[in-house]
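Next come the chains, spelled out residue by residue.
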Amino acid sequence: MTNEQMLPYFVDCAERAERLRRDGADVVLVTGCELSLFARGYLPGDTFNARVPVLAGPGREAALQGIPDKVNAFLGDVVTAVRPVFAGPVSYASCPLDGVDWSPFDIVGLDAFRSLRNAATYRDDLRKEFAHGKPVAITEVGCCTFRGAGGLGGAGWYVAMGPDGVTPKPDLVRDESEQVRYLDDLLPVFEEEGVDSLFWFSFAGYATPHRSCGPAPDPDLASYGIVKILDEQSGISASARRYPDLPWEPKEAFHALADRYRALGQQNTAE
């Protein structure tokens, strides 16, 4: 979408969110996600798949010029439009390219993927976001399900894909423990730095089902999901599933995340 197409959509979202809030739900309105990548008019290219290669190409620096100004101008319009109809807190799920001015928002929202590229400064970069004096939420963090994916962070899915952009590369090694290690590395950082809320990206990769049958590589390797989506090619019988009535099975990270929240719940109850 373009900015002009998105603005009424956000107002509609705000009206629906306000109805939920008035019914007693604890609602935060997130006014979009990584607009510089997902929306038209910021990076060259009419689609997301056309824009991503720009970030790795020789014209990257030129393409990034002026993006924060464009993003903040539109986000200012969005916040101005949604405040009259939504009375709850407002945030935005940002990527580093956006360069967001957080003054119009109630909560700082960060898609904070760690990779080898930013590992050395990751904690310091996160700590800087608390200077705004507002709660900090990690709106996305995670890695794919192959060995070495943690070093790629948010770029794992793109690096994992072969020439057709759909099938993972044949040399990838499935490793569900990679997600657990990534989780175990970062959760203490978020706790120690005082992050308010955390959202793992993501629950399921619906477009990348787990397939252990056939010659092609398993699409779930390129998934950030903590569960693997099953279909007729998954090779897992209903009798072997933990949840035979559901179209997915947990990965190791599903249990690791559940264990962490269970421990936090017990700690809070004790306190």
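Just so we're clear, the structure is a prediction, and the values are computed from it rather than from any experiment.

*Asks:* Any chance you could explain the sheet that holds strand β3 (residues 108-111) here in plain terms?
*Replies:* Sheet strands pair by backbone hydrogen bonding; their relative direction is either parallel or antiparallel. Strand order in the open sheet formed by three strands is β3-β4-β5, with parallel pairing between adjacent strands. Each edge of the sheet is formed by a strand with only one pairing partner; in this case those strands are β3 and β5 (197-200). Pairs of neighbouring strands in the sheet enclose a mean axial angle of 15 degrees, with direction left out of account. Where helix α8 (residues 177-193) meets the sheet, it contacts β4 (136-141) and β5, and its direction lies at approximately 170 degrees from that of β5.

*Asks:* What's the story with the pairing of β4 in this structure? I'm lost.
*Replies:* In summary, the side chains of a regular strand alternate between the two faces of the sheet. Buried residues dominate β4, accounting for six of its six residues. The pairing of β3 with β4 spans four bridges and is parallel. For Asp111, the partnering residue across the bridge sits in β4 and is Glu140. For the handedness criterion, the β-α-β arrangement of β3, helix α6 (residues 122-128) and β4 is classed as right-handed. Alignment of β4 against β5, held across three bridges, turns out to be parallel. Bridge pairing in β5 links Ile138 to Leu198.

*Asks:* Just checking my understanding: could you explain the pattern of salt bridges for this structure?
*Replies:* Any two side chains of opposite charge can pair, so long as their charged atoms come close to each other. All told, the structure shown has 21 salt bridges when counted by the stated rule. For Arg123, the salt bridge identified is with Glu193, shortest N-O distance 2.7 Å. Taken as a pair, Arg123 in helix α6 and Glu193 in helix α8 lie far apart in primary sequence, 70 residues in all. The partly exposed category is assigned to Arg123, whose relative accessible area is 29%. Residue Arg127 pairs with Glu193 through a salt bridge whose shortest N-O separation is 2.6 Å. With Arg127 in helix α6 and Glu193 in helix α8, the pair connects residues that are 66 residues apart, well separated along the chain. What you see here is one network of salt bridges that share partners, running through Arg174, Glu176, Asp218, Asp220, Lys228 and Lys251.

Calculation rules
- Residues numbered from 1 in each chain as written.
- Predicted model: local features only at pLDDT ≥ 70, side-chain atom pairs only at ≥ 80, totals over all residues.
- Heavy atoms only, no water.
- Pairing = 2+ DSSP bridges.
- Helix = DSSP H or I, 4+ residues; strand = E, 2+ residues; numbered from the N terminus.
- Axes fitted to C-alpha atoms, helices over the stretch in contact; angles between N-to-C directions.
- Contact = heavy atoms within 4.5 Å.
- Buried < 20%, exposed > 50% of the residue type's maximum accessible area, 1.4 Å probe, protein only.
- Right-handed = clockwise from strand over helix to strand, strands pointing away.
- Salt bridge = Lys/Arg side-chain N within 4 Å of Asp/Glu carboxyl O.

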